[in-house]
Amino acid sequence: MAQQLYKIRGTLDEKAGDARSRQAGTPVPLYRLIPGAARDGASDEIEVSGDSVVRAELDNGFVLWSRVDDLSREYGALPTRDAGSAWEFSRLAPRRAPGGERGVVGLGIRVLEFFGIDLAEKSARKLGVTFEQKILGDHPPCLYRLDLTGKFQLTPLAKSEAIPADQGPILIFLHGTASSTEGSFGKLWDPANAEGGRLRQALAPTYGKRVFGLEHRTLSESPIANAIELIERLPEQAEVHLVSHSRGGLVGEIIALSGCANLAEVLSEDKIQALFAVDRSIAPQLGLAPLSDDEAKRHNEAYEADRQRLSDLVKLLGKKKLRVSRFVRVACPARGTTLASGRLDRWLSVLDYLVDAATGHGLFGGGLDFLLAVVKERTDPRTLPGVEAMIPGSALTRLLNGTPELVSTADLSVIAGDIEAGDGLWNTLKVIASDWFYRNEHDLVVDTGSMSGGLPRLANAARQRRDEGPKVNHFRYFTNEQSVRWLKDGLSREDGDSAGFQPIVVTTATTQRCREAVARSRSGLKPRPIV
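Rules of the game
- Residues numbered from 1 in each chain as written.
- Predicted model: local features only at pLDDT ≥ 70, side-chain atom pairs only at ≥ 80, totals over all residues.
- Heavy atoms only, no water.
- Helix = DSSP H or I, 4+ residues; strand = E, 2+ residues; numbered from the N terminus.
- Buried < 20%, exposed > 50% of the residue type's maximum accessible area, 1.4 Å probe, protein only.
- Contact = heavy atoms within 4.5 Å.
- Salt bridge = Lys/Arg side-chain N within 4 Å of Asp/Glu carboxyl O.
- Pairing = 2+ DSSP bridges.
- Axes fitted to C-alpha atoms, helices over the stretch in contact; angles between N-to-C directions.
- Patch = residues over 30% accessible without salt bridge, like charges linked within 9 Å, V, L, I, M, F, W, Y side chains within 5 Å.
- Areas by Shrake-Rupley, 256 points an atom, 1.4 Å probe, with all protein chains shown as cover.
- 1 Å grid on protein atoms, 1.4 Å probe; cavity = no way out; pocket = protein on both sides within 12 Å on 5 of 7 lines; lining within 4 Å.
- Points joined across faces, edges and corners; volume = space filled by probe spheres on them.
- Nonpolar A, V, L, I, M, F, W, Y, C, P; charged D, E, K, R; others polar.
- Parallel < 35°, antiparallel > 145°, perpendicular 65-115°, else oblique.
- Left-handed = near helix turned anticlockwise from the far one by under 90°.
- pLDDT = per-residue confidence, 0-100.

> What exactly am I supposed to notice about the overall build of the protein chain here?
Looking only at helices and strands, one finds 17 helices and 15 strands in the protein chain. By the burial criterion, 57% of the 531 residues in the protein chain qualify as buried. Look at the contacts in the protein chain between residues 6 or more apart in sequence, and 80% of them connect residues 24 or more apart.

Listed below in structure tokens is the structure:
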């Protein structure tokens, strides 16, 4: 289908793109335009198709990736109604700004870069696999040994090497979406992180050489597939301690099914079939269009694969008889997160910026083609199995939150976070995220209320602590001194000691409230995923 052409006004900048665009092997923008209005003397015009990808860099350094037609509709202006008039851009103006005008300063657009991309046979789904390979680098999916007393280093566990079950608890780190063990937890080994050093020193005598990280695919594979990969490597009757970040917590919750005495009885073939029969997520409320025939076919195939995996998992857990006696779950989208549920372009823009702020380099690097494809295709999150699992109402979130018969004996200490309004860039990002995705508290990536979800636990087996402040965000839990201390407390506490964590109060009708919040957010506006 022919794409509408858009004329856009500004001042052409002949300089090459920014540092990211100049990296070897990354796309170079077709145009670099400093936005401006005719009344201010801006006289240059470019013409690009609506499905072209545009990189909008704000005055404060934040970058939004979007399609030209989406950016024009949401933030552009046509000064006149004359045919052929040019669109003008000046700022990303939130439709609603919590706390009055605080946070709006800095939303001015500094520069627009336009990319032409011919997908040909390179769909975002296929490019996602390549992107995952680049993230994991020289450490393909596998279980790796970590050394708490030395520098950060991943040493692959040979397939022939067995982990002993009788020498003490086994500690396993489970990383988050589009990340790696180093990406999620590497800062704990940073010499500048004094609290991280104290944590490792305190834990080393307990775990010795029984410390591991699971490198796994988080976009193209479901958390169930990730969990099976790990469980197969663990010895029978092992005592397992888990530390997870973000989506890694969903992998941990699946492993926590080992603590459900009636697992095989509840998760019968009929029950599994019903869970994964159809898409019952809140996709319609999030403004997502029905899947195309090809997308629906792939989605159904992914669900069929997870049905079989879940059946295999039940048998595997019955054989392994694992005991999860410590599980510190950090910022997990246990009930799903709307940030990853609707506009993947916005989700990836936020992730990219936060990773850059936390590590000094962006998320994509040599994988920019994946981002460009996601934006151009308007990729539906339901077509990426690892992301689909995080949509509220997905089969996995219903399994973990909507199956009250499954009560786990597995331990759970939740560390949750909420970024509060402050000054400068972080407040600006909170305003942006609140406008795009949320109505309630969040850490810029996961809404805080979702972090306490998951399998029901026995009385006093689940507890949480919540960090709040302007410096709290999704990628700072392992550098913020307070949350690092809580991590130590959650792992090293004595049985029966809450270590300062508070009991998790079980809430009901979470999905209904999520639907109502999304419905409220749509009143008078085009659909926007907000919780």
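> I'm lost on the environment of Glu-481 in this one. Help?
Mapped onto the elements, Glu-481 comes out in helix α16 (residues 481-492). The exposure class of Glu-481 is partly exposed, given its relative accessible area of 47%. Taking the C-alpha atoms as reference, Glu-481 lies 8.0 Å from Gly-196; in sequence the two are 285 residues apart.

> Help me understand the pattern of salt bridges, please; the structure alone is not making it clear to me.
Under the counting rule described, the total for this entry stands at 30 salt bridges. Between Arg-217 and Glu-132 there is a salt bridge whose closest N-O contact spans 3.5 Å. Pair noted here: Arg-217 is in the loop between β10 (211-215) and α6 (223-231) and Glu-132 is in helix α3 (residues 124-136), with a separation of 85 residues, a long-range link. With a relative accessible area of 3%, Glu-132 lands in the buried category. The salt bridge involving Asp-190 is made with Lys-187; its shortest N-O contact spans 3.7 Å. The class of Lys-187 is partly exposed, set by a relative accessible area of 32%. One network of salt bridges, with partners in common, ties together Asp-13, Arg-32, Arg-55, Glu-57, Arg-110 and Glu-113.

> It is not clear to me how the sheet that holds strand β5 (residues 63-67) should be interpreted in this structure. Could you clarify?
One key point about sheets: their strands pair by backbone hydrogen bonds, in either a parallel or an antiparallel sense. Spatial strand order, β3-β1-β2-β6-β4-β5: six strands in an open sheet with antiparallel pairing. Both outer strands of the open sheet, β3 (44-49) and β5, are each paired with one neighbouring strand and no more. Averaged over all adjacent pairs, the angle separating strand axes in this sheet is 35 degrees, with direction ignored. Note that strand β2 (residues 31-35) and strand β6 (residues 109-115) share three bridges and pair antiparallel. From the neighbouring strand, Arg-32 faces β6, where its bridge partner is Glu-113. Contacting β1 (5-12), β3, β4 (53-58), β5 and β6, helix α2 (residues 68-75) runs over the sheet at an angle of about 110 degrees to β5.

> What exactly am I supposed to notice about a nonpolar patch on the surface here?
Together, Leu-12, Leu-30 and Tyr-31 make up an exposed nonpolar region whose accessible area comes to about 250 Å². Considering the arrangement of structural elements, one finds Leu-30 in the loop between α1 (19-22) and β2. Under the relative-accessibility criterion, Leu-30 is labelled exposed at 55%.

> How do you make sense of empty space enclosed by the protein when you look at a structure like this?
The full count for this structure, using the stated rule, is six cavities of 30 Å³ or more. Contributing to the lining of the largest cavity are 16 residues, with Thr-177, Ser-246, Leu-351, Val-445 and His-474 lying nearest its centre. Tallied by class, the residues present in the lining of the largest cavity amount to eight nonpolar, eight polar and no charged.

> Would you take a moment to explain the packing of α6 against helix α7 (residues 248-255) for this structure?
Packed helix pairs are specified by the crossing angle of their axes together with the interaxial distance, meaning the distance between the axes. Following both chains from N to C, one finds α6 and α7 inclined at 60 degrees, their axes separated by 9 Å at the closest point. Considering their axes alone, α6 and α7 lie oblique with respect to each other. Seen along the crossing, α6 lies across α7 with a hand that is right-handed. From α6, Pro-223, Ile-224, Asn-226, Ala-227, Leu-230 and Ile-231 reach across to α7, where they touch Leu-250, Val-251, Ile-254 and Ile-255. For the contact of α6 with α7, a count of residues per class yields nine nonpolar, one polar and no charged.

> I keep staring at the packing of helix α5 (residues 194-207) against α16 and nothing clicks. Help me out?
The N-to-C vectors of α5 and α16 enclose an angle of 10 degrees; their axes lie 9 Å apart at closest approach. Taken together, α5 and α16 sit at an angle that is classed as roughly parallel. In contact with Glu-195, Gly-196, Leu-199, Ala-202, Leu-203 and Tyr-207 of α5, α16 contributes Glu-481, Val-484, Arg-485, Leu-487, Lys-488 and Leu-491. Here the residues of the contact of α5 with α16 sort into seven nonpolar, one polar and four charged.

> Looking at this structure, how should I read the confidence of the model for the protein chain?
Predicted coordinates in areas of low pLDDT are best not read in detail. On average, residues of the protein chain carry a pLDDT of 84, and 81% of them reach 70 or more. Note that residues 99-103 has pLDDT below 50 and, in this model, seven contacts with residues that lie over four places away or in other chains. Below pLDDT 50 for its whole length, residues 508-531 participates in 54 contacts with residues either more than four positions away or in separate chains.

> It is not clear to me how the environment of Ile-504 should be interpreted in this structure. Could you clarify?
Of note, Ile-504 is situated in the loop between β15 (502-503) and α17 (510-522). For the pair Ile-504 and Arg-457, spaced 47 residues apart in sequence, the C-alpha separation works out to 9.6 Å. Among all residues touching Ile-504, those that are not within four sequence positions of it are Leu-412, Val-414, Ser-452, Ala-462, Arg-463 and Gln-464.

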